[in-house]
Amino acid sequence: MHALRALLLLLVCLVSASAHAQASACVSAHEAAQRARRDGKFLEAHKQLLQCAQSQCPRVVRNDCTTWANEVAASTPSLVWAVKGSRGEDLSAVRVLANGVQIADRLDGRAIEVDPGVYKLRFEADGYSAREETIAVREGEKTRLVHVQLDSSLAPEVVAAPVAPPAPAPQRGRVWSPASIALGSVAIASGAAALGIGLWGKGEYDDVRSRCGRAKSCSDADVETGRRAYIAADVLAGVAAATAVATVWVFVHDNRERATAVSAVPSRDGLHVSLTRAF
């Protein structure tokens, strides 16, 4: 009988001690939440307020913590990241650090709650250069959108410049070599002389025919002058034709960059022109 009483007394003491410890924890969370809220640490304050708002806490403490938890939740700011790459593409595999502490290992489009204050943000992504931004976050500022663009850290692709086609070789103008000029001059002079002598010989023939026709007699001596003039004109015409052909031939081949040697040697029968070509 005494042993049963002792056991019951022990159980009462244990329950009382547990209730006292629970009440003490609620009171401690109640006090810690007020200090954190006063210091602007809203995330920590909200954590403590959730603890002291439990049903096992004393009613007075529980009521305060429930009311304050709602107020702190409404005042806690939150941020949303919009990070793009150098080509304007959305990036999700991004690490976000706030004042040196990582607060996100990737982006899923959801807002992240932070305490009010000034933050030095750092954004890191594989294959991109890190970017830092400093912002001031205000109490009660919800889902503030932070835009960031990261530049690629990879070596830019080298694009070979188009190779311009080789410029066409300048066209060389027609060249009159000294040989072609000399031959052309001989051809012109011979032609002119042949024409002049031929006209003079014709005049002589016409005059002889006129006189012989009236006298009804013409000797060889009368027509010798005209005959010699025609012969000379024929020779000169032949020289003019030959040198004209030679001039054209030399001109064409000179402009094909081949060497030409021309020699003109007078003889009893006329002018002998020789051409030597290097092929």
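The coordinates are above.
Here the structure is a predicted model, which is why all the values come from computation and not from measurement.

Draft legend 1. Expanded view of the overall build of the protein chain. The number of helices and strands found in the protein chain is five helices and nine strands. Across the protein chain, helices and strands are ordered from the amino to the carboxyl terminus as α-α-α-β-β-β-β-β-β-β-α-α-β-β. Relative to its 279 residues, the protein chain shows a buried fraction of 26%. If you take every contact in the protein chain between residues at least 6 apart in sequence, the share linking residues at least 24 apart comes to 57%. Roughly 18,600 Å² of accessible area belongs to the protein chain as shown, and the carbon and sulfur atoms make up 58% of that amount.

Draft legend 2. Broad picture of helix α2 (residues 42–52). All of the buried residues in α2 are Phe 42, Ala 45, Gln 48, Leu 49 and Cys 52. For α2, the angular spread of the buried residues around the axis is 125 degrees, confining them to a single face.

Draft legend 3. Here's a closer look at the packing of α2 against helix α3 (residues 59–75). Look at α2 against α3: their axes get within 8 Å of each other, and the N-to-C directions meet at 150 degrees. Here α3 runs roughly antiparallel to α2, going by the angle between their axes. Seen along the crossing, α2 lies across α3 with a hand that is left-handed. Together, Phe 42, His 46, Leu 49 and Cys 52 of α2 and Val 61, Arg 62, Cys 65, Trp 68, Ala 69, Val 72, Ala 73 and Ser 75 of α3 make up the contact between the two elements.

Draft legend 4. Structural context of the sheet that holds strand β1 (residues 78–84). Strand order in this open sheet of three strands is β4-β1-β7, and the pairing throughout is mixed. Only two strands of the sheet have a single neighbouring strand rather than two, namely β4 (112–113) and β7 (144–149). Pairing between β1 and β7: six bridges, direction parallel. Paired with Trp 81 across the bridge in β7 is Val 146.

Draft legend 5. Inspection of the pattern of salt bridges at higher detail. This structure, assessed with the given rule, holds 11 salt bridges. Among the salt bridges present, the one from Arg 95 reaches Asp 126, with a minimum N-O distance of 3.6 Å. A residue pair is termed long-range when its members are at least 10 positions apart, and Arg 95 in strand β2 (residues 95–98) and Asp 126 in the loop between β5 (117–124) and β6 (131–137) qualify at 31 residues. Residues Glu 141 and Arg 144 are paired through a salt bridge, measuring 3.7 Å at the closest nitrogen-oxygen approach. With a relative accessible area of 24%, Arg 144 lands in the partly exposed category. Through salt bridges that share partners, Arg 95, Lys 120, Arg 122, Glu 124, Asp 126 and Glu 132 make up one connected network.

Basis of the calculations
- Residues numbered from 1 in each chain as written.
- Predicted model: local features only at pLDDT ≥ 70, side-chain atom pairs only at ≥ 80, totals over all residues.
- Heavy atoms only, no water.
- Helix = DSSP H or I, 4+ residues; strand = E, 2+ residues; numbered from the N terminus.
- Buried < 20%, exposed > 50% of the residue type's maximum accessible area, 1.4 Å probe, protein only.
- Contact = heavy atoms within 4.5 Å.
- Areas by Shrake-Rupley, 256 points an atom, 1.4 Å probe, with all protein chains shown as cover.
- Arc of directions from axis to C-beta.
- Axes fitted to C-alpha atoms, helices over the stretch in contact; angles between N-to-C directions.
- Parallel < 35°, antiparallel > 145°, perpendicular 65-115°, else oblique.
- Left-handed = near helix turned anticlockwise from the far one by under 90°.
- Pairing = 2+ DSSP bridges.
- Salt bridge = Lys/Arg side-chain N within 4 Å of Asp/Glu carboxyl O.

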